[in-house]
Amino acid sequence: MRFHRWYTPWLLVAPALAWLLTFSVWPAVNTGILSFTNVRTLTGGRFVGLANYRNIVDDPQVRDALLNSVLYMAVCVPLLTLLPLLLALLVERNLPFMGFFRTVLYFPVVASAVVVAVIWQWLLDQRGLVNGLAQQLHLTHEAIPFLTGRWLLLFSSISLTVWKGLGYYMIIYLSALGNVNRELHEAAAVDGAGIVRRFLSVTVPGVRRTMILVAVLVAVSSLRIFTELYILGGSAGGVGGQDVSLVMLIQNAAGGTSGRLGYASSLSVLLFLVTIVPMLLLARLNRKAEQ
Amino acid sequence: MHSRRLLTTALIGAAALALTATGCGVGGGGGGATASKTVASDAPITGTITFQTWSLKNDTFTPYFTALIKSFEAAHPGTTVNWIDQPGDGYAAKVVSQVTGGSLPDVVNLPPDIAYSVEQAGGLLDLAKNVPTLTADYVASGRKAYTYTGVEGTYAFPWYLGADMNYWNKAMFTRDGLDPAKPPTTLDELIAQAKVMHDNSGGKDYLMSREPDLGDIVQTGTDLMNADGTKFVFNTSAAAAMLDKYRTAYAAGYLPADVLTNTYQGNNAAFLKQEVAWTTGQGNGIQTVGETNPSLAKEMVPSPSIGTPNLNVQGISVSSKSKHLALALAFAQFATDNQNQVDFVKIAAGFMPGTTAAADDPAYSKSDGTPAGDASVIGYEDLQKAVNFQPLQWTQDMTTVLKQQFALAISGKESSQQALDNIVSKANQLLSD
């Protein structure tokens, strides 16, 4: 009996391939096609050339969304690349109650993003806990507009993302730290290297690839941010609609019974192009690291 | 080698078929042939259909619908009506998926805006063409809500109608030095009394508690669209003056500070907590509040809507793709005939039937002397002059822009005129896309 016919491997991968083509490749291709049309949710459309892309250029909300994404990335990437590493270094030690602290730090990851965002909403509201405390302690006379100020809302959302992401990336670093040679640390200590020197010369090179991976993951998720901004600022994007992300704009454009699927598709293509940049950067950095 | 090429070709063909089967292409849509279908008056009424309602399956309404269907099936042997009910949230999305998936129920409860979108996709039967007595049997305001500019026909039987009216908290009025027998009847009076309430309560009580919307623009006498319904034109000085008044009131603290934010609890919740002395609702507002908060219900004083009341209307449509059109049409007509609508509004208190026979019934205009009875009569009277403000061309996207720009104007970050110009400009761009 022969099993090694030429088509055997194709048959084996066929189900996965069909799944991939049907639910990933074709929707992506179709999105590209739709981006050149004015299709709506329930009615057909026609080819409109680059009109949707011209609308993107003219849309001030897209500019706001891109600016917000860049800021989100600029703040989240360094914070979520370094802070989880420092936390991982703290909790990797075999000290009493470390298991408890690891659990506490990981807890925000387990909690639903919506639940966490709603809790933060209650904390930061005009009549929320933070404003209440600030006013009780006479730190401020008026409520701080965490959820209504253009920039305060954005940075409240960034703080939420960082807080929620710390535990997740800490776990990734914990596994990476297990691969750092302990003898190098001991040798460096014997040579008189202090804790900072050992961190920079032994730990960081040991987890460099993981740091690159984390940085890219954070960058991509920052560019695709939705839940935190949506819950804290609402679907309109805060007072004045400037606290929006590209994903929120896609959702707004495609929603309802007369959603503009053509325009939403062109925004999706833009989001794809924007998020692919960090991925290409990862490939480049990986290649350099290997060299 | 030949068999290998053949298999490769077959695999590619199968993959291409899978791809095209899943793709949602460009095209389709439009009313066309399906909407203009005619149902022969002598067509046999047989078969099985599905009837869909919106959030009406509960202890109050289930017995009504069960009896309604049983009665229809008994009158038409050989027919079966399967009743399904969709939850309140996400109804538009559910209907969209039913239309795109080709599974829209034969008879379906749709509000005018969703019905418009389904009609645009050719999914509804023109009732004006198939029901000769439509004009005589159903009220004009209800029919108008399902008759669309530039589209021939009427796309639902008006089912039950309601109009917004006001409810005031008598205890808060009295406590803050206002006369509950003389509630505001204009925006200026509302702001003046809001000031009195604010000043006398030390800023703890509110009379105004909601952002303005399209309806507030209409109340200024401004037309939302031009005569042929092709452009929005509501960026008038009168509308700007209305927004200016809201801005001044907000700055003075007559509205809750968080009214413009996503975290705002909403006017109704604030009214139930007795933080706010004004809310709007249907004619059954006092009974509804009384079920959960009897002490507040005793303090509620009804009054007619400020300006022209907003019309809320629900209709029953027939899917043009139904395989049993005659049966679907007969059932939709049966469910919305005068007797069944009168029976329905007995349990849907605060609403009125959409039939002309019921609209002329003097029983609806007599109060039993209680505030709840007065509210029912006010609701009936408001209904006679109520208008559905929102143009069908108005989309969710446009509402988002309006909320954003109104928030900027009221919080003083942008002039009212600029905000209105921005909304009109963006809405017209979205309209032409």
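Reading the values: rules and limits
- Residues numbered from 1 in each chain as written.
- Chains lettered and ligands numbered in written order.
- Predicted model: local features only at pLDDT ≥ 70, side-chain atom pairs only at ≥ 80, totals over all residues.
- Heavy atoms only, no water.
- Helix = DSSP H or I, 4+ residues; strand = E, 2+ residues; numbered from the N terminus.
- Rg over C-alpha atoms; globule rule 2.2 N^0.38 Å.
- Areas by Shrake-Rupley, 256 points an atom, 1.4 Å probe, with all protein chains shown as cover.
- Lys, Arg positive; Asp, Glu negative; His and termini not counted.
- Charge placed at Lys NZ, Arg CZ, Asp CG, Glu CD.
- Contact = heavy atoms within 4.5 Å.
- Buried < 20%, exposed > 50% of the residue type's maximum accessible area, 1.4 Å probe, protein only.
- Pairing = 2+ DSSP bridges.
- Domains from an automatic or database assignment.
- Expected span 1.5 Å × (residues − 1).
- Core = buried A, V, L, I, M, F, W, Y, C linked by side-chain atoms within 4.5 Å.
- Buried area = accessible area lost by both parts, 1.4 Å probe.
- Salt bridge = Lys/Arg side-chain N within 4 Å of Asp/Glu carboxyl O.
- Polar contact = N/O pair within 3.5 Å; in protein donor to acceptor, adjacent residues only side chain to side chain.
- Nonpolar A, V, L, I, M, F, W, Y, C, P; charged D, E, K, R; others polar.
- Axes fitted to C-alpha atoms, helices over the stretch in contact; angles between N-to-C directions.
- pLDDT = per-residue confidence, 0-100.

Chemist: I would appreciate a short explanation of the overall build of chain A in the present structure.
Modeler: Per the secondary structure count, chain A includes 13 helices and zero strands. Going from the N terminus to the C terminus, chain A shows its helices and strands as α-α-α-α-α-α-α-α-α-α-α-α-α. Relative to a compact globule of 291 residues, whose C-alpha radius of gyration would be 19 Å, chain A shows 24 Å and is clearly more extended. For the C-alpha atoms alone, the extent of chain A along its principal axes is close to 80 × 75 × 35 Å. Entry remark: accessible area of chain A is about 15900 Å², with carbon and sulfur atoms responsible for 68%. Across chain A, 21 positive and 12 negative side-chain charges occur, with their mean positions spaced 11 Å apart.

Chemist: What should I look at first to understand the overall build of chain B in this one?
Modeler: Within chain B, the regular secondary structure consists of 21 helices and nine strands. For chain B, the spread of C-alpha atoms along the principal axes amounts to about 90 × 60 × 40 Å. Within chain B, counting contacts between residues at least 6 apart in sequence, those at least 24 apart form 73% of the total. Surface exposure of chain B reaches about 18800 Å², of which carbon and sulfur atoms provide 55%.

Chemist: For this particular structure, what's the right way to read unusual backbone geometry?
Modeler: Of all residues except glycine, most have a negative phi; of all peptide bonds, most are trans. In this model, His138(A) sits at a positive phi of 60°, which is unusual for a non-glycine residue. Counting through the fold element by element, His138(A) comes out in the loop between helix 6 (129-136) and helix 7 (150-177). His138(A) gets classed as exposed once you look at its relative accessible area, which sits at 64%. At Gln274(B), a residue that is not glycine, the phi angle is positive and equals roughly 60°. Counting through the fold element by element, Gln274(B) comes out in the loop between helix 13 (267-272) and strand 6 (278-281).

Chemist: Help me understand the pairing of strand 5 (residues 165-169) of chain B, please; the structure alone is not making it clear to me.
Modeler: The two faces of a sheet get side chains in turn, since along a regular strand they alternate between them. All names here are of chain B. Judged by how many residues are buried, strand 5 sits mostly within the fold: five of five residues are covered. On strand 5, burial covers both faces: Met-165, Tyr-167 and Asn-169 on one face and Asn-166 and Trp-168 on the other are all buried. Pairing geometry for strand 5 and strand 6, over four bridges, is antiparallel. Paired with Tyr-167 across the two strands is Thr-279, which belongs to strand 6. In this structure, strand 5 lies alongside strand 7 (residues 300-303), joined through four bridges in antiparallel fashion. For Asn-169, the partnering residue across the bridge sits in strand 7 and is Met-300.

Chemist: Teacher, can you tell me more about the sheet that holds strand 8 (residues 311-318) of chain B here?
Modeler: Where strands meet in a sheet, backbone hydrogen bonds hold them as pairs that are either parallel or antiparallel. Residue and element names in this part refer to chain B. Read across the open sheet, the six strands follow the order 2-1-3-8-4-9; overall the sheet is mixed. Where the open sheet ends on each side, the last strands, each with one partner, are strand 2 (79-86) and strand 9 (352-353). Note that strand 4 (residues 157-163) and strand 9 share two bridges and pair antiparallel. Residue pairing for strand 9: Tyr-160 is matched across the bridge by Pro-353.

Chemist: Help me understand the domain arrangement of chain B in this model?
Modeler: Frequently, the measure chosen for interface size is the accessible area removed from exposure when the parts meet. As far as domains go, chain B holds domain 1 (13-163 + 312-384) and domain 2 (213-237 + 395-433). Here the C-alpha centroids of domain 1 of chain B and domain 2 of chain B sit 31 Å apart.

Chemist: What am I meant to see in helix 10 (residues 187-200) of chain B here?
Modeler: Side chains of residues three or four places apart in an α-helix project in the same direction, reflecting 3.6 residues per turn. All names here are of chain B. In this model helix 10 runs 20 Å from its N-terminal to its C-terminal C-alpha over 14 residues, within 8% of the 20 Å that 1.5 Å per residue would give. Every buried residue belonging to helix 10 is among Leu-190, Ile-191, Gln-193, Ala-194, Met-197 and His-198, and all of these are buried. Elements that come into contact with the buried residues of helix 10 comprise strand 5, helix 9 (170-175), helix 12 (237-251) and strand 6.

Chemist: Just checking my understanding: could you explain the nonpolar core for this structure?
Modeler: In globular proteins that are soluble, nonpolar side chains generally tend to be buried together. Core analysis: the largest hydrophobic core is formed by 48 residues, its most contacted members being Leu207(B), Met208(B), Ile217(B), Phe232(B), Phe234(B), Trp394(B) and Leu420(B). At seven residues, the largest contribution of residues to this core is made by helix 20 (residues 396-410) of chain B. With sequence-adjacent residues up to four places away left out, Leu420(B) is seen in contact with Ile217(B), Phe234(B), Asn235(B), Thr236(B), Ala239(B), Ala240(B), Leu243(B) and Phe406(B). The next biggest cluster of nonpolar side chains, apart from the first, holds 47 residues, and it includes Met170(A), Ile172(A), Leu246(A) and Leu249(A).

Chemist: Explanation requested: the interface of chain B and chain A in the structure shown.
Modeler: Contact with chain B, which involves 44 residues of that partner, is made by 43 residues of chain A. For the pair chain B and chain A, the summed buried surface comes to about 3500 Å²; carbon and sulfur atoms form 60% of the total. Applying the counting criterion to the chain B and chain A interface returns three salt bridges. With a shortest N-O distance of 2.5 Å, Asp397(B) and Arg260(A) are connected by a salt bridge. On the surface where chain B and chain A come into contact, there are five residue pairs in polar contact (both at pLDDT 80 or more). Of all the secondary-structure elements, those providing two or more residues to the side of chain B that touches chain A are helix 1 (2-22), helix 4 (91-100), helix 5 (112-120), helix 20 and helix 21 (416-432) of chain B. In terms of residues, the side of chain B that touches chain A owes the most to one element, helix 1 of chain B, which gives seven residues. In terms of residue class, the side of chain B that touches chain A is built from 17 nonpolar, 19 polar and eight charged.

Chemist: Explanation requested: the sheet that holds strand 7 of chain B in the structure shown.
Modeler: Residue and element names in this part refer to chain B. Reading across from one edge, 6-5-7 is the order of the three strands in this open sheet, with antiparallel pairing throughout. Both outer strands of the open sheet, strand 6 and strand 7, are each paired with one neighbouring strand and no more. The mean inter-strand angle of the sheet, taken between neighbouring strand axes irrespective of direction, is 30°. Across the sheet, helix 19 (residues 371-385) lies against strand 5 and strand 7, angled at about 25° from strand 7, the strand it touches most.

Chemist: I would appreciate a short explanation of the side chain of Gln52(B) in the present structure.
Modeler: All names here are of chain B. Looking at the element boundaries, Gln-52 is found in strand 1 (residues 47-54). Polar side-chain contacts of Gln-52 include one of 3.1 Å to the side chain of Gln-86. A polar side-chain atom of Gln-52 sits 2.7 Å from a polar atom in the side chain of Gln-98. If we ignore the near neighbours within four places in the chain, the residues touching Gln-52 are Ile-84, Gln-86, Tyr-91, Val-95, Gln-98, Pro-105, Val-107, Val-108 and Asn-109.

Chemist: Help me understand the confidence of the model for chain B in this model?
Modeler: Predicted coordinates in regions of low pLDDT should not be interpreted in detail. All names here are of chain B. In the predicted model, chain B carries a mean pLDDT of 87, and 92% of its residues have values of at least 70. Averaged pLDDT values over the elements of chain B bottom out at 42 in helix 1 and peak at 97 in strand 3 (residues 107-110). Counting contacts from residues 6-33, a segment whose pLDDT is below 50, to residues more than four positions away or on other chains yields 32 contacts. Scored as a complex, the prediction yields pTM 0.80 and ipTM 0.74.

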